[in-house]
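Geometric and topological summary
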Amino acid sequence: MKHLLSLFGTVLAILAIAWWVGLDKIVAGYADLDWGWTAAVLALMAVNLGAVIFRLHRVLAHFGCAVPWAVTVRASVSGFVSSLFVFNLFGSILGRQLVLRRHNVPPPALVVASGYERFVMALVGLAAAAAGFVAVFGRDTVGDAIARTPLLQAAIVVPLAVALSLGMGGGRHEMAMLRTLLTGTALARFAAIAAISAGANLLVFAAYVAALEAVGVDLPLWQAMGAAAIVTLAASLPISVNGWGVRELAAIYVFGALGVSSYDAVAASVLVGLCATFVVLAAAPLLARRERIVAAIARVPEPDNSLPDFDRLAGLLLAHLAAFFLFFQIQAPVTDGWISLNLADSLAVLALCLVLVQFAFTRRAPIVLARPFALWLVALSVLLAFAFARGFFEFGFSSWAFGNRLVGWLVLLGYAACGALIVASFGAQGRRRLVESLIATAVVVIVVYSIERTILSFGVINYFMAVNFQGYSGNRNTLSFQLLVCIALALAYAGVQLRAKAGACRAALVGVLALGVWQAGSIAGLAATFVLLAFALWRWPERRGFVLSAVAVALVLAAVWWAIPNWLSPPVARLLSENSAVFDPSEILAGSSTAERWSSIVGGLSMWRDNPLFGGGLGAVVRLNLSATGAPLVTHSTPVWVLAEFGLVGAAVFASLPAWLLWRNRARFASLVLPKHVAIQLLLLFFAVFSMVHDVAFQRIWWLALGALAAGVLRSSARPAP
């Protein structure tokens, strides 16, 4: 399904580019093609293929999977061929596994190795793209882009969150993995892979320079290389088939900033893509050669520390890293504004790839989900596909419905897989550790972001920052939702924490999270927090001390952060309030966006009244608002959005699992005291409150938590503590 959607989106993007730029102008760019420079492009892409093959060979060896060089060549070529038809990350893993499975390389080992390879490539690509931004757009634009891209803040928050998470309950497996990653040998291998990646990137950059010369465009070398770095990074994103469509759009934007016409930019970009494809197809006959099937892979143990089992390693890495990085959104520039990408999305895609690839080749899924939850996910997938088809036939293709909802749903399934993977191998202890990593990251985000806004308020540093207190999530309601998930999980595990005599420290952390909700100033967030804490006080008397302690900490912090500056120095307090370093409660009464929200709800209800059974189709609300106001306004109510676009049938599907849980447990709620049962109750409660006035059905952290809560332990797992 994923590869069909990616192929469909890529084809549409290519057709849109051809229509927008003009196919005749693109073809005209090849009329006077310099064949000498074209040959140079072809040669550079061939050498790049060799560099990529060498990198895979070294990565597999570093992870203890030493395969013959000829096998690595075949695996790489198979991955490239598969990526011609399936979106690049999944296609690459699928194609490589087709060859490596014959040498007993398990899918988790390949996914971990590929994820490591992609991580190094991303770091090298980001560094090159940053230099490219300086070359193309100048330092001022780069400063604004960095301010919208909290990579520096992530580099500060994530290590602190890792340390706090380990302090909250890190196990021997995590400590062993951390020690392995920080050894001199591991760092040297990381540097080697980074050097190979940098060399491969330089070859691609040079190919773009040669392609520009081939179509008759002459740019200064440093600017052409810088622009190529940005285009290459965009093409590497796992959202297209082999980079097609995304690469051309990026080329129009970046090369256009240097005065290159759109048709010349597309012609050069397409030339690079065609040469890369030709090189892959020329190497494809290698896949037809017969090879001797070996009985077992030559496992090379690490000389200093052998790696843990790859199933467990994949669960630990994907789940924890998703918890650490999902609090960060990247604002990427496009021709008409900015788009948001989450730093953890690639991890979710890797998790989904692991599940699909392992099931395809072994007929054994690496995760176990409760049957009602699994059936619910299948029903939602069918519903979304049906609603998209209905919308397509009613009003045509909607890029918002396709990208944000249909493809976004598959990414959410990946987040659920991240949560399920760690539970599959480590059981309840894995679930607890994931919860602690989420809480630790949220606390560090609030502390670091508060300090950052305070420093900005006094002019110590000066760069762009959003008006609202929204952390690094891009929206204060999103931040509030994330914090509420963490508060609900913390309350659920309060009993475990009290038994471990860590209740006071954990209550302080929950107090910081509650203060973060207050600072964000989301009315829905504040209301949901009040309902959540009140319900916990009433429902679980044994947790009252914990809840009251957390509330007391939040009140003390609020007094220190808000009341004391107002008492000591009103001018300082006003300065902090103007820069949203301190929340001003009067903002709640202003209600500046209430009219817009109410209008979206009324419009959604009106659409449902016109199509009560099946709704207007996926993307109908955004399309209606876009045609009426020129802005893609979503419905600020999840139930209304479901009714408007899916109708009563869709609402029944969405509500089926919560309704089944309530009915099944109607007579035994008092006995549901396990942390995961408490967490499910609290999550459903605050979601019901928050979703009434916000569209939160596609929040990543929600699905990560649900995946962990609905997961079971594999029978083959020994259930060790992580």
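The structure displayed is predicted, hence computed values, not measured ones. (Residues numbered from 1 in each chain as written. Predicted model: local features only at pLDDT ≥ 70, side-chain atom pairs only at ≥ 80, totals over all residues. Heavy atoms only, no water.)

**Quick word on the overall build of the protein chain**
- Helix and strand counts for the protein chain stand at 28 helices and six strands.
- Of the roughly 30700 Å² that the protein chain leaves accessible, carbon and sulfur atoms contribute 69%. (Helix = DSSP H or I, 4+ residues; strand = E, 2+ residues; numbered from the N terminus. Areas by Shrake-Rupley, 256 points an atom, 1.4 Å probe, with all protein chains shown as cover.)

**Looking at the packing of aromatic side chains**
- If you walk through the whole model with that rule in mind, you get 25 aromatic pairs.
- Pairing F373 with W376 gives two aromatic rings, centres 6.0 Å apart and planes at 45°, and the pair type is tilted. Of this pair, F373 and W376 both sit in helix α15 (residues 371-395), three residues apart, roughly one helical turn. In this structure, F373 and W376 share a single accessibility class: buried.
- Consider the rings of Y449 and F469, whose centres lie 4.9 Å apart with planes at 80°: the pair is edge-to-face. Here Y449 is found in helix α16 (residues 399-457), whereas its partner F469 is found in the loop between α16 and α17 (476-492), with 20 residues between them in sequence.
- On the accessibility criterion, F469 (2% relative accessible area) is buried.
- Joined through ring pairs, the aromatic side chains of F373, W376, W409, W641, F646, F654, F698 and W703 make up one cluster. (Phe/Tyr/Trp six-rings, centres within 6.5 Å; stacked < 30°, edge-to-face > 60°. Buried < 20%, exposed > 50% of the residue type's maximum accessible area, 1.4 Å probe, protein only.)

**Concerning the pattern of salt bridges**
- On inspection of all chains with the given rule, the structure shows eight salt bridges.
- Linking R543 and E542 is a salt bridge whose minimum nitrogen-to-oxygen distance equals 3.1 Å.
- Taken together, the salt bridges that share partners define one network made up of R432, R433, E436 and R506. (Salt bridge = Lys/Arg side-chain N within 4 Å of Asp/Glu carboxyl O.)

**What about unusual backbone geometry?**
- The phi angle at N104 is positive, at roughly 60°, despite the residue not being glycine.
- Within the secondary structure layout, N104 lies in the loop between α4 (88-100) and α5 (107-137).
- Its relative accessible area of 40% is what places N104 among the partly exposed residues.

**As for the packing of helix α8 (residues 172-181) against helix α13 (residues 310-325)**
- One way to put it is that α8 packs onto α13 with a least axis distance of 11 Å and a crossing angle of 85°. When the axis of α8 is compared with that of α13, the two are roughly perpendicular. The residues of α13 that touch α8, namely those facing H173, E174 and M177, are R312, L313, L316, L317 and H320.
- Of the residues contributing to the contact of α8 with α13, the split by class is four nonpolar, two polar and two charged. (Axes fitted to C-alpha atoms, helices over the stretch in contact; angles between N-to-C directions. Parallel < 35°, antiparallel > 145°, perpendicular 65-115°, else oblique. Contact = heavy atoms within 4.5 Å. Nonpolar A, V, L, I, M, F, W, Y, C, P; charged D, E, K, R; others polar.)

**A short note on helix α7 (residues 151-169)**
- Along its 19 residues, α7 runs 27 Å from first to last C-alpha, staying within 8% of the 27 Å computed at 1.5 Å per residue.
- Three or more residues of α7 are buried, namely Q153, A154, V157, V158, A161, S165 and M168. An end-on view of α7 places all buried positions within 115° of arc, on one side of the element. Opposite the buried face of α7, at more than 90 degrees from it, the exposed residues are L152 and G167. (Expected span 1.5 Å × (residues − 1). Arc of directions from axis to C-beta.)

**Considering the side chain of Q329**
- As for its placement among the helices and strands, Q329 is situated in strand β3 (residues 329-334).
- Separated by 2.6 Å, the side chains of Q329 and N342 make a polar contact. (Polar contact = N/O pair within 3.5 Å; in protein donor to acceptor, adjacent residues only side chain to side chain.)

**Things to note about the nonpolar core**
- By size, the foremost hydrophobic cluster in this structure holds 152 residues, and its most contacted members are F686 and W703.
- At 30 residues, the largest contribution of residues to this core is made by α16.
- Excluding its chain neighbours within four sequence positions, the residues that come into contact with W703 are W376, L377, L380, W409, L412, Y415, A416, A697 and F698.
- Counting residues in each nonpolar core, the second largest holds 46 residues, with V136, V217, A250 and V279 among its members. (Core = buried A, V, L, I, M, F, W, Y, C linked by side-chain atoms within 4.5 Å.)

**Focus on the environment of Y263**
- With respect to the helices, strands and loops of the structure, Y263 is situated in helix α12 (residues 262-283).
- Counting along the chain gives eleven residues from Y263 to I252, while the straight-line C-alpha distance between them is 8.0 Å.

**Section: helix α2 (residues 35-62)**
- In this model, α2 (28 residues) spans 41 Å end to end at C-alpha, consistent with the 40 Å of a helix rising 1.5 Å per residue.
- Immediately beyond the C-terminal end of α2, within one or two residues, lies G64, with a positive phi of roughly 75°.

**Quick word on a nonpolar patch on the surface**
- There is a patch of nonpolar side chains on the surface, built from F386, L613, F614, L648 and V649 and spanning about 420 Å² of accessible area.
- What makes F386 partly exposed here is its relative accessible area of 43%. (Patch = residues over 30% accessible without salt bridge, like charges linked within 9 Å, V, L, I, M, F, W, Y side chains within 5 Å.)

**Digging into the confidence of the model for the protein chain**
- A residue-level look at the protein chain finds 78% of positions with pLDDT of 70 or above and a mean pLDDT of 80.
- The least confident element of the protein chain is helix α1 (residues 2-28), whose mean pLDDT is 43; the most confident is helix α28 (residues 700-709), at 95.
- Across residues 293-308, where pLDDT falls below 50, the model places 33 contacts with residues more than four positions away in sequence or in other chains.
- The low-confidence segment residues 333-338 (pLDDT under 50) makes twelve contacts with residues lying over four places distant or belonging to another chain. (pLDDT = per-residue confidence, 0-100.)

**A closer look at the side chain of S691**
- Looking at the element boundaries, S691 is found in the loop between α27 (675-690) and α28.
- For S691, a relative accessible area of 4% puts it in the buried group.
- Within the structure, the side chain of S691 is placed 3.4 Å from the backbone oxygen of A688, a separation counted as a polar contact.
- With residues near it in sequence (within four places) discarded, S691 still touches S637, T638, P639 and V696.

**Structural notes on the packing of helix α9 (residues 184-214) against helix α10 (residues 221-235)**
- Running from N to C, α9 and α10 point in directions that differ by 115°, and their axes come no closer than 8 Å. Classified by chirality, the crossing of α10 by α9 is right-handed. When α9 is examined against α10, the residues L202, V204, F205, A206, Y208, V209 and L212 are found in contact with a partner set consisting of L221, A224, M225, A228, A229, V231 and T232.
- Of the residues assigned to the contact of α9 with α10, the class counts are 13 nonpolar, one polar and no charged. (Left-handed = near helix turned anticlockwise from the far one by under 90°.)

**Regarding the environment of W69**
- For W69, the location among the structural elements is in helix α3 (residues 69-83).
- By relative accessible area, W69 is classed as partly exposed at 44%.
- The spatial distance from the C-alpha of W69 to the C-alpha of I53 is 9.0 Å, given a sequence separation of 16 residues.
- In this structure W69 touches I53, F54 and H57, once residues within four positions along its chain are discounted.

**Points about the environment of R371**
- Within the secondary structure layout, R371 lies in helix α15.
- The spacing of R371 and A710 is 339 residues in sequence and 9.0 Å in space, taken between C-alpha atoms.

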